[in-house]
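# Per-entry structural report
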Amino acid sequence: MESEIVHAASISTRSSPPARGPLSRGTLAFWLLPTLLSGCAHDAVAEGEAIYERTCENCHGADGTAGIQVDGVAAADLTVVIPQFSDEDLATMITEGIGAMPAQDLQGREVDDVIAYLRATFGE
Ligand code: HEC
């Protein structure tokens, strides 16, 4: 009987990691939670702005109206055309190109993010 109790006690001591009580588990959650939250909080418009600056701005300009010529065709004024197209249309134009505009090398979330930026900047 006595040896069983000692045995059980030694198991329970071994099963909990040394020097880690509920407090350190709370401390772990304290550090882990913000990390998880910041991993989830994705700022699509901010990401999209960075993508726009390195992908679209050369031809369309920072304000969307630059109209740089490609093969004699002016890049569309985004302040005019963006509200005319659905997100699906825009995604197709961006990834496949349209007319004189070459396909842009963006995928998945990059496309969603740049469209979020286009909507926020040039209209719904
Ligand atoms: C190499 C220059 C170039 C780049 C880079 C470029 N575009 Fe264009 N874009 C054009 C040109 C030129 C047109 C006009 C195409 C035509 O009418 O033949 C155009 C047209 C468009 C149109 C209107 C299409 C239509 O049918 O009216 C949209 C929307 C557009 N671009 C969005 C974007 C976005 C978003 C990006 C970045 C992801 C981008 N473009 C990158 C040159 C460019």
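Look a little higher up for the structure.
Reference entry: report on the structure contained in this document. Everything numeric in this text was worked out from a predicted model, so none of it was measured.

## Observations regarding the overall build of the chain
A tally of regular secondary structure across the chain gives 7 helices and 2 strands. Seen in sequence order, the chain has helices and strands lined up from the N terminus as α-α-α-α-β-β-α-α-α. Sequence-distant contacts in the chain: of pairs separated by 6 or more residues, those separated by 24 or more amount to 57%.

## So, unusual backbone geometry
It is generally the case that most residues other than glycine have a negative phi and that most peptide bonds are trans. One non-glycine residue, Asp71, lies in the positive phi region at around 50°. Residue placement: Asp71 occurs in the loop between strand S1 (69–70) and strand S2 (73–74). Note on Asp71: 8 C-beta atoms within 10 Å, which makes it exposed.

## With respect to the site of the ligand
Close to the ligand lie 21 residues; Cys56, Cys59, Ala75, Gly99 and Met101 are nearest. Elements represented by at least two residues in the shell around the ligand include exactly helix H4 (57–60), helix H6 (87–96) and helix H7 (109–122). Tallied by class, the residues present in the shell around the ligand amount to 16 nonpolar, 5 polar and no charged.

## Section: the environment of Tyr52
By the element assignment, Tyr52 lies in helix H3 (residues 44–55). Counting along the chain gives 58 residues from Tyr52 to Glu110, while the straight-line C-alpha distance between them is 9.7 Å. If sequence neighbours within four positions are ignored, Tyr52 has contacts with Glu57, Val114 and Tyr117.

The rules behind these values
- Residues numbered from 1 in each chain as written.
- Predicted model: local features only at pLDDT ≥ 70, side-chain atom pairs only at ≥ 80, totals over all residues.
- Helix = DSSP H or I, 4+ residues; strand = E, 2+ residues; numbered from the N terminus.
- Contact = placed C-beta atoms within 7 Å.
- Buried ≥ 20, exposed ≤ 12 C-beta atoms within 10 Å, placed from the backbone.
- Near = placed C-beta within 6 Å.
- Nonpolar A, V, L, I, M, F, W, Y, C, P; charged D, E, K, R; others polar.

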